[in-house]
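Results of the structural survey
Spelled out from the first residue to the last, the chains are:
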Amino acid sequence: MGVKQALRSIDAFPRAEDHLLQKTQSGAVVSIVGLLIMATLFLHELSYYLNTLTVHQMSVDLKRGETLPIHVNMTFPSLPCDVLSVDAIDMSGKHEVDLDTNIWKLRLNSHGHIIGTEYLSDLVEKGHEHGHGHSSHKHDGKEEHKNETEIETLSSLGFDQAAETMIKKVKQALSDGEGCRVYGVLDVQRVAGNFHISVHGLNIYVAQMIFGGSKNVNVSHMIHDLSFGPKYPGIHNPLDDTNRMLHDTSGTFKYYIKIVPTEYRYLSKDVLSTNQYSVTEYYTPMTEFDRTWPAVYFLYDLSPITVTIKEERRSFLHLITRLCAVLGGTFALTGMLDRWMFRFIESFNKNPSTRSIH
């Protein structure tokens, strides 16, 4: 019996006799409110536990000899596909004009609807083929005389038949309000450099014949997507859905991009190598003294720091600890509230004279 008495003496949860327990309406209200609070907090903690946690870490970039993929998807509503070229140059001295690596052009009408698709490397060849064909349209005497005059002018400047055909084709496209959508992937060396989309692929005299001056080249554009690798959950590319429209003016757009190499590690241990970036934008309007032609430049540089993003899930013991703290604290608080309400109601009922006080 001595051992049982000793065990009972250290009981932290003494039981009251059943006839000493009293159930009240106020206690029932407090119990219902406490249960609702505990259920809400339990669901919140469970959701917090099930959600994936992302942890960011930084380290020095040790990658070497890899290529940098540039995903481009842009629309030029005021320039036909025949005059646009994608050029790239990097710090190693590599300069590529009119890139044809997985780049496509979509011809757009004045309403933005697709009217033709051409692969970039085939554009010049197809333009030559079209130039040798015979036109099936009928012209009146004035149009024939105008065309003959243009052909004589172009021939006197030393242009061949292909260039003459291209100039007339582009002028017709401009008058019809044609635009162009450029999209695809550029694989460049992993060094600082730039790529730009412009009319620089044209002979300067051909460009002069088409536009009549650099101030008439409208490089208005919409950037639907510009990224430097595959996308991971939560990534934000600041140039996506960017619109830059020019009216009765022209100029050069320059986007200075800082690329940050990034690794995304999933819970499944899969690793996704990609890049995120920040950007600063500058616009320079054309003047009558400028000898350059408008363009859209993307000048990029790489950060020496790699960001590693890890998906993690909180431990089950962490969940149990938080549940004990939250539910236990709520239970203790509602118990205190019940005792205060019971004493207040009891004291109020013992002093009926207070009810007559005005």
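Our structure is the block above this text.
The sections below set out a description of the structure shown in this document. In this text, all values refer to a predicted model and were calculated from it rather than measured experimentally. (Residues numbered from 1 in each chain as written. Predicted model: local features only at pLDDT ≥ 70, side-chain atom pairs only at ≥ 80, totals over all residues. Heavy atoms only, no water.)

Here the focus is the pairing of strand E8 (residues 193-198). Buried residues dominate E8, accounting for six of its six residues. Burial of the side chains of E8 extends over both faces: Gly193, Phe195 and Ile197 are buried on one face and Asn194, His196 and Ser198 on the other. Bridging between strand E3 (residues 85-90) and E8 involves six bridges; their strand directions are antiparallel. Residue Val86 lies in a different strand from E8, and its bridge partner there is Ile197. Bridge count between E8 and strand E13 (residues 295-302): six bridges; the pairing is antiparallel. In the sheet register, Ser198 faces E13, and the bridge partner there is Ala295. (Buried < 20%, exposed > 50% of the residue type's maximum accessible area, 1.4 Å probe, protein only. Helix = DSSP H or I, 4+ residues; strand = E, 2+ residues; numbered from the N terminus. Pairing = 2+ DSSP bridges.)

This part is about the packing of aromatic side chains. The description of two aromatic rings rests on the distance between their centres and on the angle between their planes. All chains considered together, the criterion is met by nine aromatic pairs. Measuring from centroid to centroid gives 4.8 Å for Phe195 and Phe298, while their planes differ by 15 degrees, and the two rings are stacked. Taken together, the residues Phe195 in strand E8 and Phe298 in strand E13 connect sequence positions 103 residues apart. For the pair formed by Phe195 and Phe298, the shared burial category is buried. (Phe/Tyr/Trp six-rings, centres within 6.5 Å; stacked < 30°, edge-to-face > 60°.)

Purely geometric stuff here, so don't read any function into it on its own.
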